[in-house]
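# Report on the structure
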Amino acid sequence: MAPASPYVDLDRAAWSRLSASTPLPLTDADVERLRGLGDPIDLAEVDAVYRPLSRLLNLYVSATAGLHRATSTFLHEEPPRTPYVIGVAGSVAVGKSTTARVLREMLARWPDTPRVELITTDGFLYPNAELQRRGMMDRKGFPESYDRRALIRFLSRVKAGQSEVRAPVYSHVTYDIVPGEEVVVRRPDVLIVEGLNVLQPARPSSVDESTVAVSDFFDFSIYVDARTRNVRQWYVERFLQLRRTAFNRPESYFRRYADLSDAEATARALSIWESINAPNLEQNVLPTRGRATLVLTKGSDHSVQRVRLRKL
Ligand SMILES: Nc1ncnc2c1ncn2[C@@H]1O[C@H](COP(=O)(O)OP(=O)(O)OP(=O)(O)O)[C@@H](O)[C@H]1O
Ligand SMILES: CC(C)(CO)[C@@H](O)C(=O)NCCC(=O)O
């Protein structure tokens, strides 16, 4: 007999049927506000894909709280007030930030988790000056371009239930850490951590404290997946759109690309994709997919076509 698979693999229709009695708390206007540039997500997609996911996560949050209560009863201690932490991983331009924002909004509508915070690991990228010093300006997004120690410290404080934990902030417009700016996480019910490399295992031979991995702090993790050629196309299309908007801002790092023709901009985007984001996807991001609790697989139109849940 074949060994039982640890995964259940569902197509869109089967997945979507699992949420029959769960209310859909968002409106068209909410979805429009949460949608990332180039992501066509609409209320029907939220209904079919995110409503079941929100229900599943709500069940998991309750079950985890029950487990914590059991441990506390056994130890004769007060149950800890620790956030439920969800990681969202996947390629640059796959739509992780939209997924994370929609989930944040949906989870916050459940009575037991009104306070949901979202952070992205972009804030833990080394500032450009430091990346330049290390000769890593063309490695942005690779595991070594992040201050992993600071990210682990941040997550361990959040998990320890500290009342205020601070993280640095990254700007996609200046393409750098924003000096002096920070986000403050104040003991939420749920923390969503979005980033390319959040499912990376710990480095085996590291001499610092990080034999701990970021994902050790996750109660649940989601990998947003799509064919590489589709993601490349989304990256290029977004680049072309940004050329007309964000790149025109005087403080934009990409200001010099604002006046490129379509053909020049496409060539530039493809070259950044092929030299940085594609190798990072192949070498570092894709290999972590199997570690996720849930994989959302998108088709060429961005809609989720398959869902794989780890059940064992
Ligand atoms: N060069 C840029 N200038 C201004 N805004 C940008 C730039 N690159 C990305 N953005 C904006 O920042 C948001 C997040 O970008 P980021 O690169 O973190 O997303 P991503 O990693 O591509 O993942 P995803 O598309 O999966 O959220 C995007 O939705 C986009 O609108
Ligand atoms: C900041 C990251 C690494 C991740 O969000 C990404 O958006 C990025 O800037 N990658 C480097 C190459 C590029 O500019 O697309």
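All values derive from a computational prediction rather than experimental measurement.

The rules we used
- Residues numbered from 1 in each chain as written.
- Chains lettered and ligands numbered in written order.
- Predicted model: local features only at pLDDT ≥ 70, side-chain atom pairs only at ≥ 80, totals over all residues.
- Heavy atoms only, no water.
- Helix = DSSP H or I, 4+ residues; strand = E, 2+ residues; numbered from the N terminus.
- Expected span 1.5 Å × (residues − 1).
- Buried < 20%, exposed > 50% of the residue type's maximum accessible area, 1.4 Å probe, protein only.
- Contact = heavy atoms within 4.5 Å.
- Near = heavy atom within 4 Å.
- Polar contact = N/O pair within 3.5 Å; in protein donor to acceptor, adjacent residues only side chain to side chain.
- Areas by Shrake-Rupley, 256 points an atom, 1.4 Å probe, with all protein chains shown as cover.
- Nonpolar A, V, L, I, M, F, W, Y, C, P; charged D, E, K, R; others polar.
- 1 Å grid on protein atoms, 1.4 Å probe; cavity = no way out; pocket = protein on both sides within 12 Å on 5 of 7 lines; lining within 4 Å.
- Sits in = over half its atoms within 2 Å of the grid points.
- Axes fitted to C-alpha atoms, helices over the stretch in contact; angles between N-to-C directions.
- Parallel < 35°, antiparallel > 145°, perpendicular 65-115°, else oblique.
- Left-handed = near helix turned anticlockwise from the far one by under 90°.
- UniProt positions renumbered as here; feature names shortened; annotations may be inferred.
- Salt bridge = Lys/Arg side-chain N within 4 Å of Asp/Glu carboxyl O.

## Description of helix 7 (residues 228-244)
Taking 1.5 Å of rise per residue, 17 residues should cover 24 Å, and helix 7 covers 25 Å from first to last C-alpha, within 8% of that figure. Every buried residue of helix 7 is listed here: Asn230, Val231, Trp234, Tyr235, Val236, Phe239, Leu240 and Arg243. Check the buried side of helix 7 and you find it contacts helix 8 (262-285) and strand 8 (294-298).

## Re the site of ligand 2
Around ligand 2 lies a shell of 13 residues, among which Asp122, Gly141, Tyr175, Tyr235 and Asn277 are the nearest. Within the side chain of Asn277, a nitrogen or oxygen atom sits 3.0 Å from an oxygen atom of ligand 2. Burial of ligand 2 by the protein chains amounts to 92% of its free accessible area of 380 Å². The dominant element in the shell around ligand 2, judged by the number of residues it contributes, is helix 8, at three residues. Each residue belonging to the shell around ligand 2 can be placed in one class, and the counts come to eight nonpolar, three polar and two charged.

## Observations regarding the side chain of Lys298
Counting through the fold element by element, Lys298 comes out in strand 8. Only 2.7 Å separates the side chain of Lys298 from the backbone oxygen of Val94, close enough to count as a polar contact. Leave out the neighbours within four places in its chain, and Lys298 touches Asp39, Val94, Gly95, Val224, Asp225, Ala226, Trp234, Ser303, Val304 and Gln305.

## Here's the deal with the site of ligand 1
The immediate surroundings of ligand 1 are formed by 15 residues, with Ala93, Gly95, Lys96, Ser97 and Arg238 found nearest. Here an oxygen atom of ligand 1 and a side-chain polar atom of Asp122 are 3.4 Å apart. The contact in question runs from an oxygen atom of ligand 1 to an N or O atom on the side chain of His172, over 3.2 Å. Protein contact buries 83% of the 590 Å² of open area that ligand 1 shows by itself. When atoms are counted within 2 Å of each cavity's grid points, the one that captures over half of ligand 1 is the largest pocket. Class assignment of the residues belonging to the shell around ligand 1 gives a composition of eight nonpolar, four polar and three charged.

## Digging into the environment of Tyr84
With respect to the helices and strands, Tyr84 occurs in strand 2 (residues 84-90). In contact with Tyr84, other than residues within four places in its own chain, are Leu57, Tyr60, Val61, Thr64, Lys159, Asp189, Val190, Leu191, Asp219 and Phe220.

## Thoughts on the packing of helix 7 against helix 8
In a packed pair of helices, the relevant descriptors are the angle between the two axes and the axis-to-axis distance. Where helix 7 meets helix 8, the axes come as close as 9 Å, and the angle between the chain directions of the two elements is 135°. Between helix 7 and helix 8, the interaxial angle falls into the category oblique. Two packed elements cross with a definite hand, and for helix 7 against helix 8 that hand is right-handed. Between helix 7 and helix 8, the residues in contact are Thr228, Val231, Arg232, Tyr235, Val236, Phe239, Leu240 and Arg243 and Asp262, Ala265, Thr266, Arg268, Ala269, Leu270, Ile272, Trp273, Glu274, Asn277 and Leu281, respectively. In the contact of helix 7 with helix 8, the residues fall into 11 nonpolar, three polar and five charged.

## Structural notes on the environment of Leu260
Of note, Leu260 is situated in the loop between helix 7 and helix 8. When the C-alpha positions of Leu260 and Leu240 are compared, they lie 9.4 Å apart, and in sequence the two are 20 residues distant. For Leu260, the contacting residues outside a window of four places in its chain are Arg243, Ala265 and Arg268.

## What to know about helix 6 (residues 148-159)
With 12 residues, helix 6 should cover 16 Å at 1.5 Å per step; its first-to-last C-alpha distance of 16 Å lies within 8% of that length. What helix 6 keeps buried is the set Ala150, Leu151, Ile152, Phe154, Leu155 and Val158. Each element contacted by the buried residues of helix 6 is listed here: strand 3 (116-120), strand 4 (165-171), strand 5 (176-185) and strand 6 (190-194). Remark: Gly161 follows helix 6 within two positions and exhibits a positive phi of approximately 80°.

## Examining the UniProt feature "binding site: ATP" (unreviewed entry) in the chain
Taking the numbering used here, the UniProt-annotated feature "binding site: ATP" (unreviewed entry) corresponds to Gly90, Ser91, Val92, Ala93, Val94, Gly95, Lys96 and Ser97. Checked against the lining of the largest pocket, the annotated residues reduce to Ser91, Val92, Ala93, Val94, Gly95, Lys96 and Ser97. One can find Gly90 in strand 2. The class of Gly90 is buried, set by a relative accessible area of 0%. Apart from the residues within four sequence positions on either side, Gly90 is in contact with Lys96, Gly195, Leu196, Tyr223, Val224 and Val285. Relative to the assigned elements, Lys96 resides in helix 4 (residues 96-107). Given a relative accessible area of 8%, Lys96 falls into the buried group. Setting aside residues up to four positions removed in sequence, Lys96 forms contacts with Val88, Ala89, Gly90, Ser91, Glu194, Gly195, Leu196 and Val224.

## Topic: the environment of Phe142
Within the element layout of this structure, Phe142 appears in the loop between helix 5 (128-133) and helix 6. A C-alpha to C-alpha distance of 34 Å links Phe142 and Leu59, two positions 83 residues apart in sequence.

## Remarks on the pattern of salt bridges
For side chains bearing opposite charge, pairing can occur when the charged atoms are close. Taken as a whole, this structure holds 20 salt bridges when the rule is applied. A salt bridge links Arg104 to Glu117; its shortest N-O distance comes to 3.9 Å. Within this pair, whereas Arg104 is found in helix 4, its partner Glu117 is found in strand 3, the two being separated by 13 residues in sequence. Linking Lys159 and Asp219 is a salt bridge whose minimum nitrogen-to-oxygen distance equals 2.8 Å.

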